[in-house]
Amino acid sequence: MNLATAPLSRPVRVGLVGLSARGGWAAQSHLPALTRLPGYELRALSASGDASARAAGETYGVPFAFGSTEELVRSDEVDLVVVSVRVPLHREVVLAALGAGRPVLSEWPLGNGLAEAEELAAAAGRAGVRTFAGLQARSAPAVRHVRELVADGYVGEVLSTSLVASGRRWGPVFEPSGEYLLDRRNGGTMLTIPFGHTVDAVAMVLGEFTEVSATLATRRPVVHEEGTGRAAAMTVDDQIAVSGRLAGGAVASVHFRAGLSRGTNFHWEINGTEGDLVVTGDSGHLQQAALTVRGARGTDASPAELPVPARHFAVPELDDLRGLPAYNVGAQYAQVLADLTEGTAHAPDFAHAARRQRLLDAIERSAATGTRVTLQDTRVTL
């Protein structure tokens with residue numbers, strides 16, 4: 001099947017790595033999105049062994065259940081490999097898919113650190129297949145609305161932007177299933193996950209960072225398990241404060257705090273010569289948050305709600321998922337489908353993901369050295 005020219009009458013057959021009968025993120029987001037979009041067919045899954053694969057296949061009605069990634073990526077039943085496993089496992093699965101010549105969609109972050117992300121992006125370039133990175137915050141209708149407002153001159157010239165957010169996890173209590181997120185060596189941190197998703201959307205709306213200065217800290221080195229109270233060490237930064245400058249000259253300030261606040265959990269302002277925009281939500285996970293957009297300009301005394309136009313909800317098959325994390329995942333799948341079947345480039349690829357991880361690496365270097373770090377790659381974002 002030539003995925004650059006395939007007609008929509010032939011669904012893209014998906015092989016999902018990481019769908020478990022026990023539930024989890026893949027079941028909450030990828031599964032409902034894929035089963036609603038007519039251009040896809042969830043054809044296969046793989047798990048850590050034959051028994052768990054069979055259980056998942058029976059639970060979700062997936063015809064082909066493989067006990068290993070290698071079997072899935074080599075199957076003639078799979079056109080697109082979707083990687084929905086913990087970050088430390090991304091490299092192995094992605095390289096297997098690329099080695100089999102399969103297009104790949106990997107959840108964010110692409111790699112466990114910058115070196116892995118750049119390795120995978122380079123491998124994708126050599127393989128010559130389409131790749132996609134699950135940075136679905138940029139697919140959120142409210143984010144697309146804000147981007148359009150800024151591009152249309154609602155605020156005039158952007159002078160500055162400020163954002164304060166809560167990471168939801170990494171607070172004083174952790175879920176038993178989330179203990180691996182406490183160890184920075186696993187790559188699933190507040191910096192890489194909610195901050196990474198959110199700063200990608202900020203860059204899409206306002207332009208890339210040209211320089212950053214950062215302070216990172218772990219203020220709670222010991223946290224406790226929900227239910228049992230068991231103490232565990234946390235090495236992940238639970239405070240992230242970044243200031244810098246964007247490509248257009250605007251000054252930016254972003255502060256993420258772990259856990260949830262009794263006050264503000266997501267507040268993003270964009271201030272310009274002609275007006276102001278304010279985006280609020282229930283957490284710093286912009287890729288899945290419920291968002292409200294407000295604005296004021298000219299003689300307006302205070303911001304009023306600016307409802308998201310219907311054109312930004314362009315996939316009617318997903319309407320019943322509005323307000324759920326699966327909606328933005330599905331919206332990105334719709335972009336991926338167009339890229340695969342029409343040869344467009346709407347969704348971010350591995351090269352973009354590596355670029356975003358270079359920004360996170362610059363933030364870590366700035367915090368470690370106490371210096372301002374300049375970024376070289378400031379091309380217009382997708």
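Note that this is a predicted model, so its numbers are computed, not measured.

S.K.: Explanation requested: the overall build of the protein in the structure shown.
M.R.: Looking only at helices and strands, one finds nine helices and 18 strands in the protein. Against the compact-globule benchmark of 21 Å for 382 residues, the protein has a radius of gyration of 21 Å, which places it among compact chains. Projecting the C-alpha coordinates of the protein onto the three principal axes gives extents of approximately 60 × 50 × 40 Å. For the protein, the proportion of contacts with a sequence separation of at least 24, taken over those separated by at least 6, is 71%.

S.K.: I would appreciate a short explanation of the sheet that holds strand β11 (residues 231–233) in the present structure.
M.R.: The pairing of strands in a sheet happens through backbone hydrogen bonds and is either parallel or antiparallel. Strand order in the open sheet formed by three strands is β8-β10-β11, with mixed pairing between adjacent strands. Pairing within the sheet leaves two strands with one partner each, and these edge strands are β8 (173–174) and β11. Sheet topology places β8 next to strand β10 (residues 222–225); two bridges connect them, and they run parallel. Paired with V173 across the strands is H224, a residue of β10.

S.K.: Got a minute to help me understand the packing of helix α7 (residues 191–206) against helix α9 (residues 350–369) in this structure?
M.R.: Helix packing for two helices is described by the angle between their axes and how far apart those axes are. One can describe the packing of α7 onto α9 by two numbers: an axis separation of 11 Å at closest approach and a directional angle of 110°. Taken together, the axes of α7 and α9 are roughly perpendicular relative to one another. Helix-helix and strand crossings are classified by hand; for α7 and α9 the assignment is right-handed. When α7 is examined against α9, the residues L191, T192, F195, G196, V199, D200 and A203 are found in contact with a partner set consisting of H352, R356, L359, L360, I363 and E364. The residue makeup of the contact of α7 with α9, split by class, is seven nonpolar, three polar and three charged.

S.K.: Even after reading the chapter, I still don't get the packing of aromatic side chains, so can you show me in this structure?
M.R.: Each aromatic ring pair is characterised by the separation of its centres together with the angle its planes make. Evaluated as defined, the whole model comprises four aromatic pairs. In this arrangement the basic side chain of R86 is found over the ring face of Y180, its NZ or CZ atom lying 3.9 Å from the centre. Above the face of the F313 ring, R322 is positioned so that its terminal group lies 3.8 Å from the ring centre.

S.K.: I would appreciate a short explanation of the packing of helix α5 (residues 114–127) against α9 in the present structure.
M.R.: For the pair α5 and α9, interaxial distance at closest approach is 9 Å and the crossing angle is 160°. As summarised for this structure, α5 and α9 are arranged roughly antiparallel, according to the angle between their axes. Of the two elements, α5 crosses α9, and the hand of that crossing is left-handed. Contacts from L114, A117, E118, L120, A121 and A124 in α5 reach F350, A351, A354, Q357, R358 and D361 in α9. A breakdown of the residues in the contact of α5 with α9 according to their chemical character gives eight nonpolar, one polar and three charged.

S.K.: Explanation requested: α7 in the structure shown.
M.R.: Along an α-helix, residues three or four apart share an orientation, since each turn contains 3.6 residues. In this model α7 runs just 20 Å from its N-terminal to its C-terminal C-alpha over 16 residues, more than 12% under the 22 Å that 1.5 Å per residue would give. For α7, a buried count of 16 out of 16 residues is recorded, marking the element as mostly surrounded by other parts of the structure. Once α7 ends, the next one or two residues include G207, with phi positive near 110°.

S.K.: I tried to follow unusual backbone geometry on my own but got confused; where do I start?
M.R.: With the exception of glycine, the majority of residues adopt a negative phi angle, and the majority of peptide bonds are in the trans configuration. With an omega of -5°, the peptide bond between W108 and P109 qualifies as cis. Structurally, P109 can be placed in the loop between β5 (104–107) and α5.

S.K.: Help me out: how do you make sense of the pattern of salt bridges in this one?
M.R.: Side chains that differ in sign of charge can pair as their charged atoms come close. Taken as a whole and assessed by the stated rule, the structure comprises 23 salt bridges. Across the salt bridge formed by R356 and D200, the nearest N and O atoms sit 2.9 Å from each other. Of this pair, R356 sits in helix α9 while D200 sits in helix α7, and the two are 156 residues apart along the sequence. The pair formed by R356 and D200 is uniform in burial state, with each residue classed as buried. Across the salt bridge formed by R356 and E208, the nearest N and O atoms sit 2.9 Å from each other. Highlighted residues: R356 in helix α9 and E208 in the loop between α7 and β9 (209–217), separated in sequence by 148 residues. Given the relative accessible area of 0%, R356 is considered buried. Looking at E208, the relative accessible area reads 5%, which means it is buried. One salt-bridge network, held together by shared partners, links R138, D200, E208, R355 and R356.

S.K.: How do you make sense of the sheet that holds strand β12 (residues 239–246) when you look at a structure like this?
M.R.: One open sheet holds the nine strands; their spatial order is β17-β16-β15-β14-β7-β13-β12-β9-β18, and the pairing between them is mixed. With one partner strand each, in any of the chains shown, β17 (304–305) and β18 (373–374) form the two edges of the open sheet. Examined bridge by bridge, strand β14 (residues 266–272) and strand β15 (residues 275–281) share five bridges and lie antiparallel to one another. Its bridge partner being in β15, N271 is matched across the sheet by D276. Lying over the sheet, helix α6 (residues 141–151) contacts β7 (158–166), β14, β15 and β16 (291–297), oriented at roughly 15° with respect to β16.

S.K.: Teacher, can you tell me more about α5 here?
M.R.: For α5, which comprises 14 residues, the first-to-last C-alpha distance of 20 Å matches the rise-based estimate of 20 Å (1.5 Å per residue) to within 8%. By the burial criterion, the buried members of α5 are L114, E116, A117, L120, A121, A123 and A124. Buried positions along α5 lie against α4 (90–99), β6 (131–134) and α9. Count one or two residues on from α5 and you reach G128, which has phi positive near 70°.

S.K.: Can you walk me through the environment of A310 in this structure?
M.R.: Among the structural elements, A310 can be located in the loop between β17 and α8 (325–342). Its relative accessible area of 63% is what places A310 among the exposed residues. It is 46 Å that separates the C-alpha atoms of A310 and V222, two residues lying 88 residues apart in sequence.

Reading the values: the criteria
- Residues numbered from 1 in each chain as written.
- Predicted model: local features only at pLDDT ≥ 70, side-chain atom pairs only at ≥ 80, totals over all residues.
- Heavy atoms only, no water.
- Helix = DSSP H or I, 4+ residues; strand = E, 2+ residues; numbered from the N terminus.
- Rg over C-alpha atoms; globule rule 2.2 N^0.38 Å.
- Contact = heavy atoms within 4.5 Å.
- Pairing = 2+ DSSP bridges.
- Axes fitted to C-alpha atoms, helices over the stretch in contact; angles between N-to-C directions.
- Parallel < 35°, antiparallel > 145°, perpendicular 65-115°, else oblique.
- Left-handed = near helix turned anticlockwise from the far one by under 90°.
- Nonpolar A, V, L, I, M, F, W, Y, C, P; charged D, E, K, R; others polar.
- Phe/Tyr/Trp six-rings, centres within 6.5 Å; stacked < 30°, edge-to-face > 60°.
- Lys NZ or Arg CZ within 6 Å of the ring centre and 35° of its normal.
- Expected span 1.5 Å × (residues − 1).
- Buried < 20%, exposed > 50% of the residue type's maximum accessible area, 1.4 Å probe, protein only.
- Salt bridge = Lys/Arg side-chain N within 4 Å of Asp/Glu carboxyl O.

Taken by themselves, the reported measurements are silent on function.
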